[in-house]
Each structure stands twice: as structure tokens, then as C-alpha cells.
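# Residue-level structural notes
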Amino acid sequence: MEEKLENLVKLYKEKNFSTLITSGQEFVNENASSAMAWNLLALGHRHTGNIEEAKKIYVHLLELNPNNFLLNTNLGNLYMSIGKLNDAIGCFNLALKIQPNHPGTLEAIGIAYQDVGKLEEAISSFRNAIEADKTHQGARYHLARILVRQKAYEEAIKHFDKTDYGLSKSHQLECIYYLGDKNLFYEKYGTLIGKGKINPLMASLGSHASIRYGLPDKNPFCSSPMNFIEKMNISKKDGFDQILIDKIINYHKGNENDFKSQPLLNKGEQSSGNLFLIKLDFIQNLKEIILKKVTQYRKKFKDCDQGFIKNWPENFTIYGWLVAIKTGGHLAAHIHKEGWLSGSLYFNLPKKANTSEGNIAFSVDGANYPTDGKEFPKKIIEIEKGDIVMFPSSVFHNTIPFSSDEERVSFAFDIIPAKT
């Protein structure tokens, strides 16, 4: 029995989740009292996308073991992935009653607090995680990102300097850029390029700096992002119709997941979690439709020399969420720092009082980066219902406010390189 359990752990560590499910189910059929085996089976289901089965296992186990730290934490992580933020916070709080100084759970609840807009609670959780474990990189990274939002750039730089987690060094570069130290910016920028780093945040900084300082853009991700904005139309022939649209909008409005706090979104709501993790036919149909358009995009630009095409990730995740904006609302200029290729598909667009209302606008300027009075190129894409617009994740984009009483509903997505 011990040997079989060790094998399940080995399968999990090797990310052989399909075999883990098969072997795990066989194990629990014979050893139904093994909470560890059930937990591993649930993790297998979660990582293969069978979220409902994983949730069912955790809920059942917690009915039997309500004070189990690991089960509460893992169920909380699962709730986070599908956008049930408040349920996740409840699970993490139960776990922290059992192990109050567990850095991983403190980090997790900090992310959840951040997503529901409780920044002070998030900061406290991240600081507690760091206090519990000075080497805990994730909490330090997320704390530093909040400090950037609060314009505490010097403190953020110190935290980013102590971690290689995520895009930490690119975020540090951004802080230096905000502070206006041109020489240090280009020194750090050159170091990152020399190390083979390539990501949208570095790219947006490089493109912006090239105009601000009048220097060549050596950005290895995409040095001319405005040339790679592509609009296509999706029709009934692609499987995209009003029935599909209505099902997704009704799911969104049915409070199936919590709305994410989005400081850049005015008079609107954004779903949280990755909707593509929900194994409902209409959501998976939409996923396949979008992936086909992504393939078309790649084929069109396959011969270009831009890094985001030449270095297209072999393994990636597609992450999707819904954005609904009401009269007079808009989404401020931003980039998708964790993405590679980003896009937006339009479900409903309000009637336009002028030609630009409700459209999507692009620029290499945004995030309140210092401009030194320089002019930055801009482009407005006129969109209609059923259009899909795709672009490098490094380009700033925003929506133009509208005056109609109708709701503007879009489905946004990112192609994100898989973490190794």
C-alpha cells in the first residue's frame, strides 16, 4: 500500500495527471479511507480540467475532515481557478486557523483579497507570508506589484531585487522607468535582453522608451506591435451564433463566479478565474472557435521576424474572461503582462452616437509612463458584433466610452506560455 501511494505522489510530481487519475481511482477503490490518495486523485482531476469532479471530492472529504489544512487549502486554490473568490477566501481562512503562519496559504489568500479589491488585507497577508518565510518568493512578488500600483517604486524595487519569481526583473525595470533614471533603465534592459528574457512587459517598456528617448527599439518580443493588430470576423459557419452568445452571457449574469476587482474598468464588471476551465459545452465550443482564429493569425504572420512569432510557446494555456461595460463606461489603457497573444471577441456592442464610440484603441503609450511631451502612435479599430481582434500582448489597448443605454459585452483572452 505504501509503495502504491508513493507511486501516486511520483505521478503527481511528474505531472502525469491522466495516469494519476487511473491509478488513484484504483487505489481509493481499495483504500477508501486514505485522505492523501483522495487528495492526489482530486489534483489529477483539477489539472486535467475536470474541475467539478475535483470539487466533489474535496467537498466530500471536508465533510469528513473539516479541520484538514491541506484539503481546505487545495479546495481554496480550486475555487480561485474558476473565479469563486469568496468561497476561496473562506477555505483559506479555515486553513489558516489550523496553520496560521503557512506562507503558501497566506500568499494564496493575499491574491484572493487582491482580486476582490481588499488591498490592505492583501498587503497584510503577503507581509505575514514573508515574515513567516523570508525566502518565500511568490508573496514578495505579489506585494511588490501592489506597491507599484501605490507608486511606492523604491520599496517595490527592493522586493523585486530579492526574487526571480514571475516577471520580477521586468517589473523592477518598469519601476526604474517610472523614476526616470535613463542610464540605469538601459543598463538593466540590456542585461535582461542579454539573458534571453522576452515578455510583453519588457516589450512595452522598450517600445515606449524608444520614442520617449529617441533611440532604436531593441525589443526582442515585438518592436512594431501596431503592425500586428489583426481583425477577423467570426460567423455562424465558425459555430458562433446568438445561442452561444446568450448561453455565455447568461452564465456570466447567473453569478456562477465572482466579479474581479478591476481598477482600470469604469462602470463595468469583469469575471474572475479562467472561464475555459469550466467544462460546459458552450464554453468549450467558444474555446475551439478562438483557437482556430489564433491558428489563422499565426499562419498570416509566420514569416515575420518578430520574437513573439519566432518564439511562439510550444506549450501554452488559453485564459478567458468576460467584460461587460455599461453606459459611459470604459476600460483604461493596459497591456496583458502575463500573455503572449491577446484578443477580444465582441458579443454585443451599443449603438454608436459617433464613429468611435465603443471601439477599441491601441497605442504604445499607457500606464501613466512618462512621455516627456513626445507623441506616440495610436490606432482605433472599428468593431462590430462577431469581430475578433488579436494583437501582441505588449501593445496598450483601451475602450472608447459610449453613450448608448445598451451594454458592451466582450470576451477577452490570452495565450499564456505554460510555466515550466
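These figures come from a predicted structure and were not determined experimentally. (Residues numbered from 1 in each chain as written. Predicted model: local features only at pLDDT ≥ 70, side-chain atom pairs only at ≥ 80, totals over all residues. Heavy atoms only, no water.)

## Here we look at the overall build of the protein
Note the threshold: The helix and strand labels rest on DSSP assignments: H or I over at least four residues marks a helix, E over at least two residues marks a strand, and numbering proceeds from the N terminus. Each radius of gyration is computed over the set of C-alpha atoms, and the globule rule expresses the reference value as 2.2 Å times the number of residues to the power 0.38. For every residue, the accessible area (1.4 Å probe, protein chains only) is compared with the maximum for its type, and the residue is labelled buried under 20%, exposed over 50%, or partly exposed between those bounds. The contact criterion used throughout is that any non-hydrogen atoms of two residues lie within 4.5 Å.
When its secondary structure is counted, the protein shows 16 helices and 9 strands. For the protein, the C-alpha radius of gyration of 23 Å lies close to 22 Å, the compact-globule estimate for 420 residues. Dimensions of the protein, computed from C-alpha atoms along their principal axes, come out at roughly 65 × 50 × 40 Å. When the 420 residues of the protein are sorted by exposure, 52% land in the buried category. Of the contacts made within the protein by residues no fewer than 6 positions apart, 71% connect residues no fewer than 24 positions apart.

## Focus: the sheet that holds strand β1 (residues 230–233)
Keep this limit in mind: Any two strands between which DSSP finds at least two bridges are classified as paired. Fitting a line to C-alpha atoms yields each axis, with helices limited to the stretch in contact; the angle taken between N-to-C directions then spans 0 to 180 degrees.
The strand order across the open sheet built from 6 strands is β1-β7-β4-β9-β3-β2, with neighbouring strands paired in antiparallel fashion. The sheet terminates laterally at β1 and β2 (265–270), the two strands that pair on one side only. Taking the axes of each pair of neighbouring strands and ignoring which way they run, one obtains an average angle of 25 degrees across the sheet. In this structure, strand β4 (residues 341–348) lies alongside strand β7 (residues 387–392), joined through 5 bridges in antiparallel fashion. For Ser 342, the partnering residue across the bridge sits in β7 and is Phe 391. The sheet contacts of helix α14 (residues 242–253) involve β2, β3 (316–331), β4 and β9 (408–417), and relative to β3 the element is tilted by about 80 degrees.

## Focus on the pattern of salt bridges
Put simply, the rule is: Any carboxyl oxygen of Asp or Glu that lies within 4 Å of a side-chain nitrogen of Lys or Arg is treated as forming a salt bridge with it.
Counted by the stated rule, this structure contains 15 salt bridges. A salt bridge links Lys 55 to Glu 52; the shortest N-O distance between them is 3.6 Å. Within this pair, Lys 55 and its partner Glu 52 are both found in helix α4 (residues 51–64), separated by 3 residues, close to a single helical turn. Here Lys 293 and Asp 238 are joined by a salt bridge, their closest N and O atoms 3.9 Å apart. One end of the pair, Lys 293, is in helix α15 (residues 281–300); the other, Asp 238, is in the loop between β1 and α14, with 55 residues separating them in the sequence.

## Side note on the sheet that holds strand β8 (residues 396–399)
The sheet built from 3 strands is open, its strands ordered β6-β5-β8 with antiparallel pairing. Edge positions in the sheet fall to β6 (378–381) and β8, since each of these pairs with one other strand and no more. Taking each pair of neighbouring strands and ignoring which way they run, the sheet shows an average axis angle of 25 degrees. With 4 bridges joining them, strand β5 (residues 360–363) and β6 adopt antiparallel strand pairing. Following the sheet pairing, Phe 362 is matched in β6 by Lys 379.

## Topic: α4
Here is the rule we go by: Here the expected span of a helix is defined as 1.5 Å times the quantity of residues minus one.
The first and last C-alpha atoms of α4 sit 20 Å apart over 14 residues, in line with the 20 Å expected at 1.5 Å per residue. At its buried positions, α4 is contacted by α3 (35–47) and α5 (69–81).

## Side note on helix α10 (residues 153–161)
Going by this rule: Directions are taken from the helix axis to each C-beta atom, and the arc is the one they span.
Listing the buried residues of α10 in full gives Tyr 153, Ala 156, Ile 157, His 159 and Phe 160. Here the buried residues of α10 occupy an arc of 165 degrees about the axis, which is enough to place them on one side.

## As for the side chain of Ser 34
Turning to its location among the elements, Ser 34 is positioned in the loop between α2 (17–30) and α3. Judged by its relative accessible area of 9%, Ser 34 falls in the buried class. Here Ser 34 is in contact with Leu 5 and Phe 27, once residues within four sequence places are set aside.

## Regarding the nonpolar core
Heads up, the condition is: We define the nonpolar core as a collection of buried residues of types Ala, Val, Leu, Ile, Met, Phe, Trp, Tyr and Cys that are connected through side-chain atoms lying within 4.5 Å of one another.
Counting 110 residues, the largest nonpolar core has Phe 240, Ile 290, Tyr 297, Phe 308, Leu 345, Phe 347 and Phe 411 as the members making the most contacts within it. Dropping the residues within four chain positions of it, Ile 290 is found in contact with Phe 276, Ile 318, Leu 345, Ile 388, Phe 411 and Phe 413. Counting 13 residues, the second largest nonpolar core, distinct from the first, contains Met 226, Phe 376, Ile 381 and Ile 383.

## Here's the deal with the packing of aromatic side chains
Operational definition: Only centres within 6.5 Å qualify two rings of Phe, Tyr or Trp (six-membered ring in Trp) as a pair; their planes then separate them into stacked at under 30 degrees, edge-to-face at over 60, and tilted for everything else.
If you walk through the whole model with that rule in mind, you get 26 aromatic pairs. Residues Phe 221 and Trp 340 carry aromatic rings whose centres are separated by 5.0 Å and whose planes lie at 80 degrees to one another, so their mutual orientation is edge-to-face. Of this pair, Phe 221 sits in the loop between α13 (200–213) and β1 while Trp 340 sits in the loop between β3 and β4, and the two are 119 residues apart along the sequence. Note on accessibility: Phe 221 and Trp 340 belong to one class, buried.

## Quick notes on the packing of helix α11 (residues 168–179) against α13
As a reminder of what qualifies: By the definition adopted for this analysis, an angle is roughly parallel if under 35 degrees, roughly antiparallel if over 145, roughly perpendicular if from 65 to 115, and oblique otherwise. The sense of a crossing depends on the near helix, which, turned anticlockwise from the far helix by less than a right angle, makes the crossing left-handed and, turned clockwise, makes it right-handed.
For the pair α11 and α13, the least separation of the axes is 9 Å and the interaxial angle reads 25 degrees. With respect to α13, the element α11 is oriented roughly parallel. In terms of crossing hand, the pair formed by α11 and α13 is left-handed. Two secondary-structure elements touch here, α11 through Ser 170, His 171, Leu 173, Glu 174 and Tyr 177 and α13 through Leu 201, Met 202, Leu 205, His 208, Ala 209, Arg 212 and Tyr 213.

## Overview of unusual backbone geometry
Not every positive phi belongs to a glycine, and Lys 267 is a case in point at roughly 55 degrees. Its identity is not glycine, yet Asn 368 carries a phi of approximately 60 degrees, on the positive side. Structurally, Asn 368 is set in the loop between β5 and β6.

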